[in-house]
Amino acid sequence: MKDFPKLKEKTILAPMAGITDRAFRELCKNYGCGFSYTEMVSANALARSNKAAEILLKKADDECNIGLQLFGQNTENFVKSIKKYQKDFSLIDINFGCPAKEIINQGAGAALLARKNKIKEIIEDCVNASDIPVTAKIRSGLDDKKINFLEIGKIIENAGASAITLHPRTIKQAYSGKSNWNHIKQLKEELNIPIIGNGDINQPEDAERMLKETKCDYVMIGRASRGNPRIFKEIEDYLKTRKYALSSEKDRVSQLFEYLKLEEKYSGDFSNIKTNAMYFTKGIKKGSLIRAEITRAKTIQEIKNIFIKIKI
Ligand SMILES: Cc1cc2nc3c(=O)[nH]c(=O)nc-3n(C[C@H](O)[C@H](O)[C@H](O)COP(=O)(O)O)c2cc1C
């Protein structure tokens, strides 16, 4: 079994489709994030060298500490994708956690939590095909009557995976309710490989509490990083000194400009850029007005002009 990389920082950026492109990952890295993943990429599409899927594999300048996250249901296509593309990445992560209808309907993502033999086959074959560590991202189960993260976790570990990320909600819950951190604690107690805890870390105090309560090895932050890449620095500062500084409105706008500059450098997808830009305006005066203007913007410069005009 290949070891999960030893990271200096405790924080990991969650894979988020439409959000964690290379510009956003570079931004988070600049603010102290220790590790990140590509957006989930279809193994079926990569196996046939689909150009749109290959765009998602592009890395930022000098980017290291990055996992390639694959979703799918066809073991052969996972293996093909790994053989073709692994050389550019630190590890391969298999998505057994996505609850989106279009993914579940193709038998991929969290749908596989109902097929433990298939999970075993996928992980075993991926581990055999891979020169780098293979990890998995899972949910707690299908619904609250079919909680099976412990059974699935053990299968994944025994199949040779190097770490597991648990987002402790069920498929049925999607993103509603609260994530059950007790599941992360149980998984950590039962398994020997590193466990990455994920779900509802909104501020540094949450990260510290998850690490303390669950003893997980790393914490993964998703939604709270949207519009606030500095959350990684806030967490690292808080873990070391029990203090952290929150971003002012001015800081947020300057982080947005930093983000837009990176998107310009990497020619990111404009509709994703607009969605992402809106998150930086959360809590800012006249935020809803600004968001309406962002919706109408046609270029990155037009987004910038909105902020230049109101002089935040
Ligand atoms: C817009 C969006 C896109 C996501 N895309 C992915 C994905 O591509 N792969 C994945 O494993 N999880 C994906 N997730 C789930 C997150 O990685 C994470 O597990 C979830 O948001 C819970 O963490 P949080 O409470 O810190 O946001 C996505 C979540 C959001 C909100």
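In this text, all values refer to a predicted model and were calculated from it rather than measured experimentally.

Trainee: Residue-level account of the site of the ligand, with values.
Mentor: Every one of the 17 residues lining the ligand counts as a neighbour, but Q69, K137, N198, D200 and R223 are closest to it. Between Y175 and the ligand, the recorded distance is 3.4 Å, taken from a side-chain N or O atom to a nitrogen atom. At 2.7 Å, a side-chain N or O of R223 approaches an oxygen atom of the ligand. Starting from 610 Å² of accessible surface for the ligand in isolation, the protein chains cover 89%. Judged by its atoms lying within 2 Å of the grid points, the ligand is housed in the largest pocket. Among the residues making up the shell around the ligand, the classes are represented as seven nonpolar, six polar and four charged.

Trainee: Please set out the pattern of salt bridges residue by residue, giving values where relevant.
Mentor: Evaluation of the coordinates by the stated rule reveals 18 salt bridges. For R25, the salt bridge identified is with E63, shortest N-O distance 2.8 Å. Of this pair, R25 sits in helix α1 (residues 22-30) while E63 sits in the loop between α3 (51-55) and β4 (66-71), and the two are 38 residues apart along the sequence. Considered together, R25 and E63 belong to a single accessibility category, that of buried residues. Of the charged contacts, one joins K185 and E189 as a salt bridge, the two residues approaching to 3.4 Å between their closest N and O atoms. Within this pair, K185 and its partner E189 are both found in helix α8 (residues 181-190), separated by four residues, close to a single helical turn.

Trainee: Any chance you could break down the side chain of E63 for me, citing the residues and the numbers?
Mentor: Judged by relative accessible area, E63 falls into the buried class, the value being 8%. Within the local environment of E63, its side chain forms a polar contact with the side chain of R25, the two groups lying 2.8 Å apart. A distance of 2.8 Å separates a polar side-chain atom of E63 from the backbone nitrogen of A60. Those residues in contact with E63 that lie beyond four places of it in its chain are R22, R25 and S36.

Trainee: Which residues make up the domain arrangement of the chain, and what values go with them?
Mentor: Taken as a whole, the chain is organised into domain 1 (11-241) and domain 2 (249-310). Placing a centre on the C-alpha atoms of domain 1 and another on those of domain 2 gives a separation of 28 Å. Each partner contributes to the interface: domain 1 provides 17 residues, whereas domain 2 provides 13 residues. The largest contributions to the domain 1 side of the interface with domain 2 come from A23, L27 and G227, which together make up 29% of the buried area. Connecting domain 1 to domain 2 are three salt bridges. Applying the counting criterion to the domain 1 and domain 2 interface returns seven residue pairs in polar contact (both at pLDDT 80 or more). Partitioning the side of domain 1 that touches domain 2 into residue classes produces seven nonpolar, four polar and six charged.

Trainee: A description of the layout of surface pockets should follow, citing residues and the corresponding values.
Mentor: To locate leftover empty space, one rolls a probe as large as a water molecule over the atoms. A volume near 580 Å³ is recorded for the largest pocket. If you go around the largest pocket, you meet 32 residues; those closest to its centre are P15, M16, K137, Y175 and R223. Of all the secondary structure elements, the ones that give two or more residues to the lining of the largest pocket are β6 (134-141), β9 (218-221) and α12 (270-279). The class makeup of the residues in the lining of the largest pocket is 16 nonpolar, 11 polar and five charged. Split by domain, the residues of the lining of the largest pocket number at least three in each of domain 1 (11-241) and domain 2 (249-310). The space that makes up the second largest pocket amounts to roughly 360 Å³. What lines the second largest pocket is a set of 17 residues, and nearest its centre among them are N202, A224, N228, R252 and K282. Contributing elements (two or more residues each) for the lining of the second largest pocket: α10 (231-241) and α11 (249-266). Broken down by class, the residue content of the lining of the second largest pocket amounts to six nonpolar, five polar and six charged. Built from parts of two domains, the lining of the second largest pocket gets at least three residues from each of domain 1 (11-241) and domain 2 (249-310).

Trainee: Describe the packing of aromatic side chains, and please don't skip the residues or the numbers.
Mentor: The tally for this structure, following the rule as stated, stands at seven aromatic pairs. Between F35 and Y37, the aromatic rings sit 5.4 Å apart at their centres with planes inclined by 70°, giving edge-to-face as the arrangement. As far as the burial class goes, F35 and Y37 line up, both buried. Seen in terms of ring centroids, Y259 and F280 are 5.7 Å apart; in terms of plane orientation they differ by 20°. Their pairing is stacked. With a gap of 21 residues between them, Y259 in helix α11 and F280 in the loop between α12 and α13 (287-296) connect regions that are remote in the sequence. A relative accessible area of 1% means that F280 is categorised as buried. What links up through ring pairs into an aromatic cluster is the set F4, F35, Y37 and Y218. Sitting over the ring of Y218, K10 keeps its end group 5.4 Å from the ring centre. Its guanidinium or amino end placed over the ring of F89, K59 lies 5.9 Å from that ring's centre, counting from NZ or CZ.

Criteria and cut-off values
- Residues numbered from 1 in each chain as written.
- Predicted model: local features only at pLDDT ≥ 70, side-chain atom pairs only at ≥ 80, totals over all residues.
- Heavy atoms only, no water.
- Near = heavy atom within 4 Å.
- Polar contact = N/O pair within 3.5 Å; in protein donor to acceptor, adjacent residues only side chain to side chain.
- Areas by Shrake-Rupley, 256 points an atom, 1.4 Å probe, with all protein chains shown as cover.
- 1 Å grid on protein atoms, 1.4 Å probe; cavity = no way out; pocket = protein on both sides within 12 Å on 5 of 7 lines; lining within 4 Å.
- Sits in = over half its atoms within 2 Å of the grid points.
- Nonpolar A, V, L, I, M, F, W, Y, C, P; charged D, E, K, R; others polar.
- Salt bridge = Lys/Arg side-chain N within 4 Å of Asp/Glu carboxyl O.
- Helix = DSSP H or I, 4+ residues; strand = E, 2+ residues; numbered from the N terminus.
- Buried < 20%, exposed > 50% of the residue type's maximum accessible area, 1.4 Å probe, protein only.
- Contact = heavy atoms within 4.5 Å.
- Domains from an automatic or database assignment.
- Buried area = accessible area lost by both parts, 1.4 Å probe.
- Points joined across faces, edges and corners; volume = space filled by probe spheres on them.
- Phe/Tyr/Trp six-rings, centres within 6.5 Å; stacked < 30°, edge-to-face > 60°.
- Lys NZ or Arg CZ within 6 Å of the ring centre and 35° of its normal.

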